[in-house]
Amino acid sequence: MSDLVLQGLTKRFGEFTAVDALDLTVPAGSFFALLGPSGCGKTTTLRMAAGLEEPTAGRILLGDRDITGLRPHQRPVNTVFQSYALFPHLDVAGNVAFGLRRRGVRDHAAEVARMLELVQLDGLGRRRPAQLSGGQQQRVALARALVNRPQVLLLDEPLGALDLTLTRRMQVELKRIQTEVGITFVHVTHDQEEAMTMADTVAVMNAGRIEQLGRPAELYEFPQTPFVANFLGQSNLLAAEVVERGAGYVAVRAYDNRYSVPAGRCRAAGPAAYLGVRPEKVHLAEAAAQVPAGHDSVAGVVTDWSYVGVGNRYLVRAPWGTELAVFSPNTGEGYYPPLGGEVVVHWDPAHAFLLDREPGAGDATTPVAPEPTGVPA
Amino acid sequence: MTVTAAARPARAARRTPYLLILPGLLWLAVFFAVPVVQLGATSLYDPNGSLTDGYAMTWSFGNYATALAAYWPQFLRSLLYAGLATAICLALGYPLAFVIAQRAGRWRNLLLILVVAPFFTSFLVRTLAWKAILADTGWLAGLLRDLHLLAPDGRLLATPFAVVMGLVYNFLPFMVLPLYASLQRLDGRLLEAAADLYASPLRTFRHVTLPLSMPGVVAGTLLTFIPAVGDYINAALLGTVRTSMIGNVIDSAFLVRLDYPQAAALSFLLMAAILVLVTVYVRRAGTDELL
C-alpha cells in the first residue's frame, strides 16, 4: 500500500481552471473525503487520479511511482461511478468479474462470490443490473471495483442517487467495508454530513483549491476560512476589528461591542477579522441578567422560528440589522422565546473563533439577512 | 350509470391496440398474403402450359427440383456475393457509424445526411453511374492501368468485383443507419468504466461496445443481406452472364422466357433459403431478446 500524492495538479478547460495547482497527500489506508460544492473541481480531481482526464500540469504518484502518464486500464486504481455505469449486457457476477477477467485472473468465481457476500448481495449473481434496486446497483458498483483490490478506490458521489434512509445505511456500510478491506478510499461528495460521517480526513475544496484539510472535528470546531465555516455546517460571522492582542486572548470590536476569543482560536493576522460562532454554540436568554458570567452577548429580536424536532431554529436580528442563526436543542430545559420576542443572545468566548476578513467585507451569516426592500444598495 | 361510465373507457382502451394495427394488417393481407398464395399456386402449375394457352393446376412439385437443378450455381453465387457485400458493408459501416454516433459532435447531422444522400437519386441511375465510372474506357480503369494496378487488357466492369462493389455501394446506408441507432444509445460512461476496470481500448470494444451494439449489427446485416441476395440490377448492369445472380434468373424467367411456374418456384426457393439462413443467424447471434 502506498500514499496517493498529487503534486501541483492543474486542469484547465479552455479559459476555466477547474483544478488549480493542487497539492495533496492521501495516506495509504485512510478514508479520505473531497468535499465541496458542485463545480469546485472535486470530480475533475478524481477523474485525473483515475486517468479518465488528462492533467494540464502536475503529477500524480502512488508512493514513489509516477502514474501521471498511465492510461486508465494501466492504473491500480478503481472507481465507483456516480451513475454506477454497470454493464447492462452482463449479469451481476459478470459485472463483478469484469476487471478480474481483463487481468487474466483464472479462479475468479470464488473471489466474486466472496465479494458479493461482503456487499450483502449473495445469491443475486445471475440477476441483470436492470432487475436491481438503486441501492443494490450501488453495491454491485462497489463490489466490481473492490474485487480488484486496487491501491486506491475512488468514489464519485456514490450515494447521490439514493434516498435518505438508504444513504444513511450505505454510509455506515461503506465505512465498515473500508475498515474491513483496508484499501485507501477517496470519496468525493458535496454532502458535508456524509463526509464527516465516513471520512478520517476531509479536504474542503472551493474553486479548484483546497481551503482546509483535517479531521472532521478540527474542520468543524475551528474552520480556516469563511467558506469552510459556512460550507461545513453554518456559522455566524460578524465583521470585527482586532483591538487588542493580550496574553491568551484577542479582543475585537464589532458594532461598538467588545468581544474576546482565546488566542489559540484566532486565525486573523490583520486587524480585519470575522468573529465566528456556530448556531448551536449560541444560547438565548430572556434578559441580560440571566446571561452567565464571562459570556459575550448581544440583544436582539426573534424574526424567524422553526421547529425541527431535535431542536428549534431561530433567527435573531441584532441592533445593526444582521440576523444571527441560533439552534436550541430540544432538551426541554432551554428558553424558547416567541416570535418577535426580545432576547439576549450569548455564547462562551471559548467557542468563538476569529478568521481573516477582506477589509470592507460585511457580516457573513447563513441564511444571509434579506436586503431591505426599496433601498438602493 | 357510474358503472358503465367507468367501464366504457377501459373497454375502449383494450380495443385501441387492435384498431391501431388494423390498417396495416389489411394492407398486408391484400398486398402480401394474397400475392404470396397466388405465387405459391403458380409454382405448382403444369410446366408445359404457356401464357397464351393458360396453365393447369397439376400440383407439379417437380418444378422445384427442376429449378434447383438448373440454377443452383446462381443460387450459390447470390449467397456468396450478398454475403461478401454484407461483410464489406459491416467493415466499412461500423467505424463510420461509431464515429458519427460517438465522436462527430456538431458534424453528426451533416454526416448522417451524407450517408442518406445517395437515396435522393434512384437506385437504377446510381448503378448506371457506376457503370460509366467502371467502364473499360473510363478514367478509373485508365488510371489503374497507368499505375500498373490493372493489366492492359484487364477490366473493372463485368467482373464479380464490380457486382459486389455495386451491392456494397447501394446497401451501405442500410447497414450504417441501424448501427448508428444502436451506437448512438451507447453510454460513454460504460466505456470509461471498462477502461477503469483494466480493459484496453481493443478489449473495451470486444467486451462492451460490440456486445451492446449487436442489435444494430444484426439489424444492419439483415437489411443488407436480404435485399442483396435477391438483387438483380447490380448484376445486370455491372456484371455479365457469368456473374448473374438468382434475381437475374427470376427476372428473365418471368419477363423474357415467360416460364411462370419456374419463376414462381425459384422465388419460393429464394424466400425459403433466406428464411432458414436468417433464423439460424439470429439464433447464433443470441440477440432474440434484443431485437
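Residues numbered from 1 in each chain as written. Chains lettered and ligands numbered in written order. Predicted model: local features only at pLDDT ≥ 70, side-chain atom pairs only at ≥ 80, totals over all residues. Heavy atoms only, no water.

The name an unreviewed UniProt entry assigns to chain B is ABC transporter permease, from the organism Spirilliplanes yamanashiensis. We quote the UniProt Sequence similarities (unreviewed entry) comment for chain B here in full: "Belongs to the binding-protein-dependent transport system permease family. CysTW subfamily." According to the UniProt record, the Subcellular location (unreviewed entry) comment for chain B reads "Cell membrane". (UniProt positions renumbered as here; feature names shortened; annotations may be inferred.)

The name that an unreviewed UniProt entry assigns to chain A is Polyamine-transporting ATPase, with the source organism given as Spirilliplanes yamanashiensis.

Novice: Explanation requested: the overall build of chain A in the structure shown.
Specialist: The helix and strand inventory of chain A stands at 8 helices and 21 strands. Seen through its principal axes, chain A has C-alpha atoms that stretch 75 × 45 × 45 Å. Looking at chain A as a whole, 52% of its 377 residues qualify as buried. Residue pairs at least 24 apart in sequence account for 67% of intrachain contacts in chain A once pairs closer than 6 positions are excluded. The centroid of the 35 positive side-chain charges in chain A is displaced by 10 Å from the centroid of its 40 negative side-chain charges. (Helix = DSSP H or I, 4+ residues; strand = E, 2+ residues; numbered from the N terminus. Buried < 20%, exposed > 50% of the residue type's maximum accessible area, 1.4 Å probe, protein only. Contact = heavy atoms within 4.5 Å. Lys, Arg positive; Asp, Glu negative; His and termini not counted. Charge placed at Lys NZ, Arg CZ, Asp CG, Glu CD.)

Novice: What's the story with the overall build of chain B in this structure? I'm lost.
Specialist: Secondary structure summary: chain B contains 11 helices and 0 strands in total. Along its sequence from the N terminus, chain B presents helices and strands in the succession α-α-α-α-α-α-α-α-α-α-α. Here the C-alpha radius of gyration of chain B, 24 Å, is well above what a compact globule of 291 residues would show, namely 19 Å. The principal-axis extent of the C-alpha atoms belonging to chain B is close to 80 × 65 × 35 Å. By residue count, 38% of the 291 residues in chain B fall in the buried class. Summed over all atoms, the accessible surface of chain B reaches about 16400 Å², with 71% contributed by carbon and sulfur. The centroid of the 20 positive side-chain charges in chain B is displaced by 11 Å from the centroid of its 13 negative side-chain charges. (Rg over C-alpha atoms; globule rule 2.2 N^0.38 Å. Areas by Shrake-Rupley, 256 points an atom, 1.4 Å probe, with all protein chains shown as cover.)

Novice: For this particular structure, what's the right way to read the UniProt feature "transmembrane region" (unreviewed entry) in chain B?
Specialist: Residue and element names in this part refer to chain B. The UniProt entry lists residues 18-41, 79-101, 110-129, 157-181, 208-229 and 263-282 under the feature "transmembrane region" (unreviewed entry), expressed in the numbering used here. In this annotation, residues 79-101 is assigned 100% helix and 0% strand; the end-to-end C-alpha distance for the span is 31 Å. The span residues 157-181 shows a helical share of 88% and a strand share of 0%, and its end C-alpha atoms are spaced 35 Å apart.

Novice: Would you take a moment to explain the interface of chain B and chain A for this structure?
Specialist: On the side of chain A, 25 residues touch chain B, which itself brings 17 residues to the contact. Note on chain B versus chain A: buried area summed over both sides is about 1900 Å², and carbon and sulfur give 62% of it. The three residues of chain B that bury the most area against chain A are D196, L197 and Y198 of chain B, which together make up 40% of that side's buried surface. The interface formed by chain B and chain A holds 1 salt bridge in total. (Buried area = accessible area lost by both parts, 1.4 Å probe. Salt bridge = Lys/Arg side-chain N within 4 Å of Asp/Glu carboxyl O.)

Novice: What exactly am I supposed to notice about the environment of Y281 of chain B here?
Specialist: Residue and element names in this part refer to chain B. By the element assignment, Y281 lies in helix α11 (residues 260-285). The spatial distance from the C-alpha of Y281 to the C-alpha of T52 is 43 Å, given a sequence separation of 229 residues. Y281 has contacts with V217, V218, T221 and L222, leaving out every residue within four places of it along the chain. Engagement of the side chain of Y281 in a polar contact is seen with the side chain of T221, the distance being 2.7 Å. (Polar contact = N/O pair within 3.5 Å; in protein donor to acceptor, adjacent residues only side chain to side chain.)

Novice: Sorry, what's going on with the sheet that holds strand β3 (residues 31-35) of chain A here?
Specialist: Note: strands within a sheet are paired through backbone hydrogen bonds, in either parallel or antiparallel orientation. All names here are of chain A. The 6 strands are arranged β6-β7-β8-β3-β9-β10 in an open sheet whose pairing can be described as mixed. Looking at the sheet topology across the chains shown, the edges are occupied by β6 (77-80) and β10 (209-214). Recorded for the sheet is a direction-independent mean angle of 20 degrees between the axes of neighbouring strands. Sheet analysis places β3 next to strand β8 (residues 184-189), joined by 5 bridges and oriented parallel. Paired with A33 across the bridge in β8 is H187. Sheet contacts for helix α4 (residues 134-146): β6, β7 (152-156) and β8; angle to β6, the most-contacted strand, approximately 180 degrees. (Pairing = 2+ DSSP bridges. Axes fitted to C-alpha atoms, helices over the stretch in contact; angles between N-to-C directions.)

Novice: What exactly am I supposed to notice about a nonpolar patch on the surface here?
Specialist: Taken together, the side chains of Y18, I21, L25, L28 and F32 of chain B make up a nonpolar region of the molecular surface, amounting to roughly 550 Å² of accessible area. Among the secondary structure elements, L25 of chain B is positioned in helix α1 (residues 2-42). (Patch = residues over 30% accessible without salt bridge, like charges linked within 9 Å, V, L, I, M, F, W, Y side chains within 5 Å.)

Novice: What is the right way to read the UniProt feature "domain: ABC transporter" (unreviewed entry) in chain A from this model?
Specialist: Residues annotated by UniProt as "domain: ABC transporter" (unreviewed entry) correspond here to residues 4-232 of chain A. Helix and strand shares over residues 4-232 of chain A are 35% and 27% respectively, and the end C-alpha atoms of the span are 24 Å apart.

Novice: Teacher, can you tell me more about the UniProt feature "domain: ABC transmembrane type-1" (unreviewed entry) in chain B here?
Specialist: According to UniProt, the "domain: ABC transmembrane type-1" (unreviewed entry) feature falls on residues 75-281 of chain B. Measuring from the first to the last C-alpha atom of residues 75-281 of chain B gives 18 Å, for a span that is 77% helix and 0% strand.

Novice: When you look at the packing of α4 of chain A against helix α5 (residues 164-181) of chain A in this model, what are you seeing that I'm missing?
Specialist: Geometrically, a packed helix pair is captured by the angle between its two axes and the distance between the axes. Residue and element names in this part refer to chain A. Close contact between α4 and α5 brings their axes to 12 Å; oriented N to C, the two are set at 15 degrees. When the interaxial angle is binned, α4 and α5 end up roughly parallel. Relative to α5, α4 is oriented so that their crossing is right-handed. Residue-level inspection shows G135, Q138, R139, L142 and L146 of α4 in contact with α5, the latter providing L166, M170, E173, L174, I177 and V181. Among the residues making up the contact of α4 with α5, the classes are represented as 7 nonpolar, 2 polar and 2 charged. (Parallel < 35°, antiparallel > 145°, perpendicular 65-115°, else oblique. Left-handed = near helix turned anticlockwise from the far one by under 90°. Nonpolar A, V, L, I, M, F, W, Y, C, P; charged D, E, K, R; others polar.)

Novice: Sorry, what's going on with the pairing of strand β1 (residues 4-13) of chain A here?
Specialist: Two faces belong to every sheet, and in a regular strand the side chains alternate between them. Residue and element names in this part refer to chain A. Sheet topology note: the β1/strand β4 (residues 57-62) ladder contains 5 bridges and is antiparallel. Paired with T10 across the two strands is A57, which belongs to β4. Relative to strand β2 (residues 16-26), β1 runs antiparallel, the two being bridged by 7 bridges. The residue bridging F13 from the neighbouring strand is F16, located in β2. In this structure, the hairpin formed by β1 and β2 is closed by a connection of 2 residues, where G14 is found at a positive phi of approximately 65 degrees.

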